[in-house]
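The residues making up each chain are set out below.
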Amino acid sequence: QVQLVESGGGLVQPGGSLRLSCAASGFTFSSYTMSWYRQAPGKERELVAAITSTGGSTNYADSMKGRFTISRDNNKNTVYLQTNSLKPEDTAVYYCNAERVVGLKLYDYWGQGTQVTVSS
C-alpha cells in the first residue's frame, strides 16, 4: 500500500536547522510531484515547497525562500526539506505530499506528519 513516512522533526532553537525526510513506497515515486506542507496550531495547512518529478523545478512559499531547500532522490524514493535559520513561527507539523494527474484522475497521497518546534 501507499506510504509516506516523514522523519527528522524535533525541537530546535531559533536560528537552527533541521533536515526533514519523507520516504515513499507503494507507488511510482519518480512520476509524482512531491511537496512539503505545514500546519501550525489554529491555522490552515499551507504549502512550503514543491519539486517536480524529475527534480528539475522547485517552488517555494515566499516566507521560506532562501531559508528552506527541497530536494529529492528518485533512487531512494525520498524527498527532503532542508530548513535553515528557523524562526518560532516555523513551528508546525510538516507533511509530505505526493501528487500526480493522469488524464482526469488525481492521485494524491499524504504522510502522517512530523512536528517541528522552534523555541529557546
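Here the residue numbering is sequential within each chain, running from 1 through the sequence in written order. A pLDDT threshold of at least 70 governs which residues receive local features in this predicted model, and a stricter bar of 80 or more applies before side-chain atom pairs are shown or counted, although totals over entire chains, interfaces and linings include all residues. Just so you know, side-chain values use all the structure's heavy atoms and leave hydrogens and water out.

Here the focus is the pattern of salt bridges. Basic side-chain nitrogens of Lys or Arg form a salt bridge, by our definition, when they fall within 4 Å of a carboxyl oxygen of Asp or Glu. This model, assessed by the stated rule, comprises four salt bridges. A salt bridge links Asp 62 to Lys 65; its shortest N-O distance comes to 3.3 Å. Close ionic contact of Asp 90 with Arg 67 constitutes a salt bridge, the shortest N to O distance being 2.7 Å. Of this pair, Asp 90 sits in the loop between β8 (78–83) and β9 (92–102) while Arg 67 sits in the loop between β6 (58–60) and β7 (68–73), placing them 23 residues apart in sequence. Strands here mean DSSP runs of E at least two residues long; helices mean DSSP runs of H or I at least four residues long; both are numbered from the N terminus.

On to the sheet that holds β8. Overall, antiparallel pairing links the four strands, which are arranged β1-β3-β8-β7 in an open sheet. Only two strands of the sheet have a single partner each, and these edge strands are β1 (3–7) and β7. Strand-to-strand, the axes of this sheet are offset by a mean angle of 15°, without reference to chain direction. Bridge analysis of β1 against strand β3 (residues 18–25) gives five bridges, and the strand direction is antiparallel. Bridge assignment links Val 5 to a residue of β3, and that residue is Ala 23. Strands pair, by our definition, only if DSSP identifies at least two bridges between them. Only the stretch in contact is used when a helix axis is fitted, and all axes are lines through C-alpha atoms; the angle between N-to-C directions ranges over 0 to 180 degrees.

Throughout, disulfides are identified as pairs of cysteine sulfur atoms within 2.5 Å of each other. Tallied over the full model, the rule gives one disulfide. One disulfide in the model links Cys 22 with Cys 96; its S-S distance is 2.1 Å. Because the torsion about its S-S bond is -80°, the bridge between Cys 22 and Cys 96 counts as left-handed. Pair noted here: Cys 22 is in strand β3 and Cys 96 is in strand β9, with a separation of 74 residues, a long-range link. Comparing Cys 22 with Cys 96, the two get one shared label, buried. Categorising residues by exposure relies on relative accessible area from a 1.4 Å probe, with only protein chains included: less than 20% of the type maximum marks a residue as buried, more than 50% marks it as exposed, and the intermediate range marks it as partly exposed.

Note on ring pairs: Phe, Tyr and Trp rings are taken, using the six-membered ring of Trp, and paired if centres are within 6.5 Å. Classes follow the plane angle, with under 30 degrees stacked, over 60 edge-to-face and the rest tilted. What the rule picks out here adds up to five aromatic pairs. Each ring, one from Phe 27 and one from Tyr 109, has its centre 5.3 Å from the other, and the planes form 50°; the classification is tilted. Of this pair, Phe 27 sits in the loop between β3 and β4 (33–39) while Tyr 109 sits in strand β10 (residues 105–110); the two residues are 82 residues apart in sequence, bridging distant segments of the chain. For Phe 27, a relative accessible area of 13% translates into the label buried. Three or more aromatic residues link up through ring pairs in this structure, and these residues are Phe 27, Phe 29, Tyr 32 and Tyr 109. Only when the NZ atom of a Lys or the CZ atom of an Arg is both within 6 Å of the ring centre and within 35 degrees of the ring normal do we say a charge sits over the ring. The ring of Trp 110 has Arg 45 lying over it, and the distance from NZ or CZ to the ring centre is 4.7 Å.

Note that Asn 97 resides in strand β9. Polar contacts here mean pairs of N or O atoms no more than 3.5 Å apart (in protein, one a potential hydrogen donor and the other a potential acceptor; neighbouring residues in sequence count only if both atoms are side-chain atoms). Engagement of the side chain of Asn 97 in a polar contact is seen with the side chain of Asp 108, the distance being 2.8 Å.

Moving on to the environment of Gly 66. With respect to the helices and strands, the residue Gly 66 is situated in the loop between β6 and β7. With 19 residues separating them in the primary sequence, Gly 66 and Ser 85 have C-alpha atoms 9.4 Å apart.

The phi dihedral of Asn 77 is positive, around 50°, even though this residue is not glycine. For Asn 77, the location among the structural elements is in the loop between β7 and β8. Of note in the backbone geometry, Ser 85 takes a positive phi value of approximately 50° without being a glycine. Mapped onto the elements, Ser 85 comes out in the loop between β8 and β9.

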